[in-house]
Structure formats: C-alpha cells, structure tokens
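# Notes for the structure review
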Amino acid sequence: MELHFLGTGAGMPSKERNVSSVALKFLQTGGEIWLFDCGEATQHQILHTSLKPRKINKIFITHLHGDHLFGLPGLLGSRSFQNGEESPVSIYGPKGIKAFIDTSLNISQTHLTYPIQVIEIDEGLICEEEGRRVYAKQLEHVIPCFGFRVEEQAQPGKLEAGLLKKMGLPPGPLYQQLKEGRDITLEDGTVLKSSEFVSPPVPGRIVAILGDTKYCENAVELGRDAEVLIHEATVLHELAEKAAEFGHSSARSAAVTAKRANAAALILNHISSRYHKEEKTLLLKEAREVFPNTQIADDFSVFPIEKLSKK
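So, here's what we can say about the structure. In this text the structure is predicted, and so the values were computed from the model without any measurement.

Turning next to the side chain of glutamine 45. Relative to the elements of secondary structure, glutamine 45 occurs in helix H1 (residues 42-46). Of the residues examined, glutamine 45 reaches a relative accessible area of 11% and is grouped as buried. Here leucine 6 takes part through its backbone oxygen, which lies 2.6 Å from a polar atom of the side chain of glutamine 45.

See below:
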C-alpha cells in the first residue's frame, strides 16, 4: 500500500496546499486506487502525479463540506475521457452525497461513459471485498462527518518448501494441503503437521483515514492498532479551544488520539493556511512530543505503509 496526498490544506486552497484528498494505492492489485475526499481541483493535482484516474474504483467522502467534495463532479466527468470506460466507480458518503452528484451531473449535462454506484453510509461495515473491509464511524464535526478504517484480512503463513525438499518430498498437491493447514500422512506412515512447515499467519494491515473532527472516542476506535492513522491537525494546541468550536483538532490532540489508539504511525494533514512551509515544523514538533512516530503530509507526499510502521 501507498498513501498519496493530493491536498492537505484546511478550508480553502493556498499557494502551498490544495484542499483535502488522499489516495490509497494497492500495489498488489495492479495499482488499484481508493480515493478519500475529493476537494476542488483534485483532478489537477492528479496530473502532477503518476496516479491514473481510470484506476480509481472507490471514492470515500468523509463529509459534505465543499473543501472535501467540490472536485468530485469534475473528476467523474474527466474520467470519461481518460480510458475510464466500462470501469465502474463506487462512491461512499453521508446522506446527501447522491443528491449532490445527481444534481451536479444532471444540470451540467455531464454524461459518464461508465457506471457509478452511490452508497449513502451509516456507521458500521460499509464495504467488503477481496479480503478487505471498510468500517465507518461518525466523528465530531459541525455537520455529519465520518472516519474510515480499512482492514485487510490476515494472509496465510509462508510454506517452508526448502525443508520439505530436503526431506525428499517434491513439489505437488501435498505442498498445497500443508499450506492450507491440513496435516498429511505419507505412504510410509510419517505424519507431517502443517504447523511445523508453515509460518504463522501474517496479520492484515489497518489504515485509518479520518475526516474533520475534534477529539472523540470514535477516532480512537477507528485508529486502534492501525499501521497508520491519518488525522487532521488544523492548528497548534494554543488555538485548540477555538478550533474545537468548529469541530477541528490541534496537532497535539491528533497525537493523543494516535497514542491512545496504539497506532504505529501518525500522519498529520488538513493544515490551516496560517501555517506556511517553514512553520509546519511547529505542528510536527508539538505532535512528536506526545507521539514520536509522527509525519506531516505536504501536497504530493507519498508514504509507503510498510516504511511508516517501522519508523
């Protein structure tokens, strides 16, 4: 998995940061992309990356504020001209997302060349396919806003094929039976136990991507034991009380959430335009005092999941 940040600013675009959008790229499935939020000009941001709109097959919208979804009609329309034909897209979001999409496409007479499915979500399991599940929980913002937890199922352990070959057992159906967890009995009566030739299952990875929120327990639950938690850090903690009035978090609050969730890594985004490039170190420093393995995302930052959790 890779995380590609397309927009990391709060509220409105600035010279340094566009508004919210992050892509989760699955390298093991041919570069499939899930997009989380689609603020204004997201498709312009994509032009400066290696990401291909035709690879986007799921879009998750955290909430219906414009800085998180005004780029959606344009992206959907342009995708029809970018080899997106016959490649369906599923869109998940709060109640009202379907009316927004239908209205914007109908009034602009935008005709898509591929099917879309719009799912208005509530809390709980919202998507399950190909060994992956996505859960949603409502956060604490000024309008209904969700966070998402992407879970992979555990992967089977590795078969110690070299050990079997040393025993004189050639590759074949018996290898598969052992890998599937079945013990086998050889012709001479020898019993080979699967547990002795297959390593333990590899736990599935967990990625938590949150929308706008002040501190809340649901954010902690979404990030529980995650490889990475993506959390907004609109302001420094000196402005936390004011930010909370508008349903936003400070960098320190994000770090507290990550620590209580026992996440392996934290990435800060949704940064106020008051913090210029040289001032972002203040946000990072504040968070790292609570949660050392913290990074801050800039537009076009790319984070491989495996490297994040090992820092």
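Don't stop here, the text continues.
Right, let's get into the sheet that holds strand E4 (residues 56-60). As summarised here, the arrangement of the 7 strands in space is E6-E5-E4-E3-E2-E1-E16, forming an open sheet in which the pairing is mixed. The open sheet terminates on both sides in strands that have one partner only, identified here as strand E6 (116-120) and strand E16 (302-304). With direction set aside, neighbouring strand axes in the sheet form an average angle of 20 degrees. Summarising the sheet, strand E2 (residues 21-26) and strand E3 (residues 32-36) pair through 5 bridges and their orientation is antiparallel. By the bridge assignment for E3, lysine 25 is matched with isoleucine 33. Contacting E3, E4 and strand E5 (89-93), helix H3 (residues 72-79) crosses the sheet at an angle of about 170 degrees to E4. Where helix H4 (residues 97-107) meets the sheet, its contacts fall on E5 and E6, and the angle it forms with E6 comes to roughly 145 degrees.

The subject of this paragraph is empty space enclosed by the protein. Enumeration according to the criterion identifies 1 cavity of 30 Å³ or more in this entry. Within this model, the largest cavity holds a volume of roughly 110 Å³. Within the residue set of the lining of the largest cavity, elements represented by two or more residues are E2, strand E12 (206-210) and strand E13 (228-232). The class makeup of the residues in the lining of the largest cavity is 5 nonpolar, 7 polar and 3 charged.

A separate point is helix H9 (residues 251-261). Listed in full, the buried residues belonging to H9 are Ala251, Ser253, Ala254, Ala255, Thr257, Ala258 and Ala261. Where the residues of H9 are buried, they touch helix H7 (217-222), E13, strand E14 (266-269) and helix H10 (280-288). Immediately beyond the C-terminal end of H9, within one or two residues, lies asparagine 262, with a positive phi of roughly 60 degrees.

This part covers the layout of surface pockets. As a volume, the largest pocket reaches approximately 160 Å³. Lining the largest pocket we find Thr234, Val235, Leu239, Lys242, Ala243, Phe246, His248, Ser272 and Arg274. Of the residues assigned to the lining of the largest pocket, the class counts are 4 nonpolar, 3 polar and 2 charged.

Under the counting rule described, the total for this entry stands at 8 aromatic pairs. Each ring, one from phenylalanine 36 and one from phenylalanine 60, has its centre 4.8 Å from the other, and the planes form 10 degrees; the classification is stacked. With phenylalanine 36 in strand E3 and phenylalanine 60 in strand E4, this pair connects stretches of sequence that are 24 residues apart. For phenylalanine 36, a relative accessible area of 1% gives the class buried. Geometrically, the ring pair formed by phenylalanine 60 and tyrosine 92 is stacked, given 4.8 Å between the ring centres and 10 degrees between the ring planes. With phenylalanine 60 in strand E4 and tyrosine 92 in strand E5, this residue pair connects regions lying 32 residues apart in the sequence. Across the pair, tyrosine 92 and phenylalanine 60 agree in class, each one buried. Aromatic rings pair up to connect Phe26, Trp34, Phe36, Phe60, Tyr92 and Phe148 into one cluster. Geometry around tyrosine 114 places arginine 79 over its ring, the cationic atom sitting 4.5 Å from the centre.

So, how was this worked out
Residues numbered from 1 in each chain as written. Predicted model: local features only at pLDDT ≥ 70, side-chain atom pairs only at ≥ 80, totals over all residues. Heavy atoms only, no water. Helix = DSSP H or I, 4+ residues; strand = E, 2+ residues; numbered from the N terminus. Buried < 20%, exposed > 50% of the residue type's maximum accessible area, 1.4 Å probe, protein only. Polar contact = N/O pair within 3.5 Å; in protein donor to acceptor, adjacent residues only side chain to side chain. Pairing = 2+ DSSP bridges. Axes fitted to C-alpha atoms, helices over the stretch in contact; angles between N-to-C directions. Contact = heavy atoms within 4.5 Å. 1 Å grid on protein atoms, 1.4 Å probe; cavity = no way out; pocket = protein on both sides within 12 Å on 5 of 7 lines; lining within 4 Å. Points joined across faces, edges and corners; volume = space filled by probe spheres on them. Nonpolar A, V, L, I, M, F, W, Y, C, P; charged D, E, K, R; others polar. Phe/Tyr/Trp six-rings, centres within 6.5 Å; stacked < 30°, edge-to-face > 60°. Lys NZ or Arg CZ within 6 Å of the ring centre and 35° of its normal.

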